[in-house]
Amino acid sequence: MPPQPETTVALADDHNLIRAGLRNLLSAEPGLRVIGEAADAAGAARLARDRRPDVLVLDLQMPGARPEEDVRRLRREVPGMAIVVLTMWREPHRARDLFRAGAAAYVLKQAAERNLIEAIRAAAAGRSYIDPELGGELARLGPDPLAELSERERELLRLLALGHTNREAAQRLHLSVRAVEDGRAKLMEKLGLRSRPQLVRFAIDHGVIEPTDA
């Protein structure tokens, strides 16, 4: 059998013990080489840009992390790099959101020893991977209502759910207040929402904001 091509891997997690355990797990696997580590979101971005690993194993709860934004930005800045999300969060809607943002794989930390290597190899080969514990739940979610929204509509949803006024949202989006008012009305209609509490609940349920942000 010909030797397996080497896959370079970077690790981003804010817990030293977890990174050490992952490094030991991957170092024992033929064809995988860990080339760098980071302990926060900014460090993960620098590591990805500087070292250009084949695969970045990314925790979602590091200091400074904004999961979907981070994944989208990293995919733009390092397009040849696959992102494997490794997390304690087992919400299927969050997995769907991260895949939509550009992640290649979603693995639960409690199953990392069993599933992470398979996920890394799948991601490096251009395939997607979902933790088996979440696969069925993800399939049962049904159509994704966020898939119908443009990037600007999703950002407007996030800003409104965080409590920004129309004027504040207009400033952040570089739009007129009237454009934001019209956009808000269309957004509420498209999502079938009638009030701000419903909008906030929708944003939390679909991983647009965290419950602690509301």
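Residues numbered from 1 in each chain as written. Predicted model: local features only at pLDDT ≥ 70, side-chain atom pairs only at ≥ 80, totals over all residues. Heavy atoms only, no water.

Trainee: Give a detailed account of empty space enclosed by the protein, specifying residues and quantitative values.
Mentor: Scanning the entire structure with this criterion turns up 1 cavity of 30 Å³ or more. Empty space within the largest cavity amounts to approximately 30 Å³. What lines the largest cavity is simply Leu11, Ala12, Asp13, Leu22, Val57, Leu58, Asp59 and Leu86. Of all the secondary-structure elements, those providing two or more residues to the lining of the largest cavity are β1 (7-12) and β3 (55-59). Element by element, the count of residues in the lining of the largest cavity is highest for β3, at 3 residues. Among the residues forming the lining of the largest cavity, the class breakdown is 6 nonpolar, no polar and 2 charged. (1 Å grid on protein atoms, 1.4 Å probe; cavity = no way out; pocket = protein on both sides within 12 Å on 5 of 7 lines; lining within 4 Å. Points joined across faces, edges and corners; volume = space filled by probe spheres on them. Helix = DSSP H or I, 4+ residues; strand = E, 2+ residues; numbered from the N terminus. Nonpolar A, V, L, I, M, F, W, Y, C, P; charged D, E, K, R; others polar.)

Trainee: Go over the packing of helix α7 (residues 151-161) against helix α8 (residues 166-173), please, and point to the residues and values.
Mentor: To characterise two packed helices, one gives the angle between the axes of the helices and the distance between these axes. Taken N-terminus to C-terminus, the directions of α7 and α8 make an angle of 140°; their axes are 10 Å apart at the nearest point. Regarding the angle of α7 to α8, the classification is oblique. For the element pair α7 and α8, the recorded crossing hand is right-handed. For the pair α7 and α8, contact is made by Arg152, Glu155, Leu156, Leu159 and Leu160 and by Asn166, Ala169, Arg172 and Leu173, respectively. The residue makeup of the contact of α7 with α8, split by class, is 5 nonpolar, 1 polar and 3 charged. (Axes fitted to C-alpha atoms, helices over the stretch in contact; angles between N-to-C directions. Parallel < 35°, antiparallel > 145°, perpendicular 65-115°, else oblique. Left-handed = near helix turned anticlockwise from the far one by under 90°. Contact = heavy atoms within 4.5 Å.)

Trainee: Before we move on, can you summarise the nonpolar core with the specific residues and values?
Mentor: Ranked by size, the top nonpolar core spans 25 residues in total, and within it Leu58, Leu74 and Tyr106 carry the most contacts. For this core, the secondary structure elements donating two or more residues are β1, α2 (41-51), β3, α3 (67-77), β4 (82-87), α4 (92-101) and β5 (105-108). With 4 residues, α2 is the single largest residue contributor to this core. (Core = buried A, V, L, I, M, F, W, Y, C linked by side-chain atoms within 4.5 Å. Buried < 20%, exposed > 50% of the residue type's maximum accessible area, 1.4 Å probe, protein only.)

Trainee: An account of the packing of aromatic side chains is requested, with residue identities and associated values reported.
Mentor: Throughout the structure, instances matching the rule amount to 0 aromatic pairs. Between arginine 94 and the ring centre of tryptophan 89, over which it is positioned, the NZ or CZ distance is 3.8 Å. (Phe/Tyr/Trp six-rings, centres within 6.5 Å; stacked < 30°, edge-to-face > 60°. Lys NZ or Arg CZ within 6 Å of the ring centre and 35° of its normal.)

Trainee: Could you give an account of the pairing of β3, with specific residues and numbers?
Mentor: The element β3 is largely enclosed, with a buried count of 5 among its 5 residues. Residues Val55, Val57 and Asp59 point to one face of β3 and Leu56 and Leu58 to the other, with burial holding for every one of them. Sheet topology note: the β1/β3 ladder contains 4 bridges and is parallel. When the bridges of β3 are listed, valine 9 appears paired with valine 55. Pairing geometry for β3 and β4, over 5 bridges, is parallel. What sits directly across from valine 55, in β4, is alanine 82. Crossover handedness for the path β3 to α3 to β4: right-handed. (Pairing = 2+ DSSP bridges. Right-handed = clockwise from strand over helix to strand, strands pointing away.)

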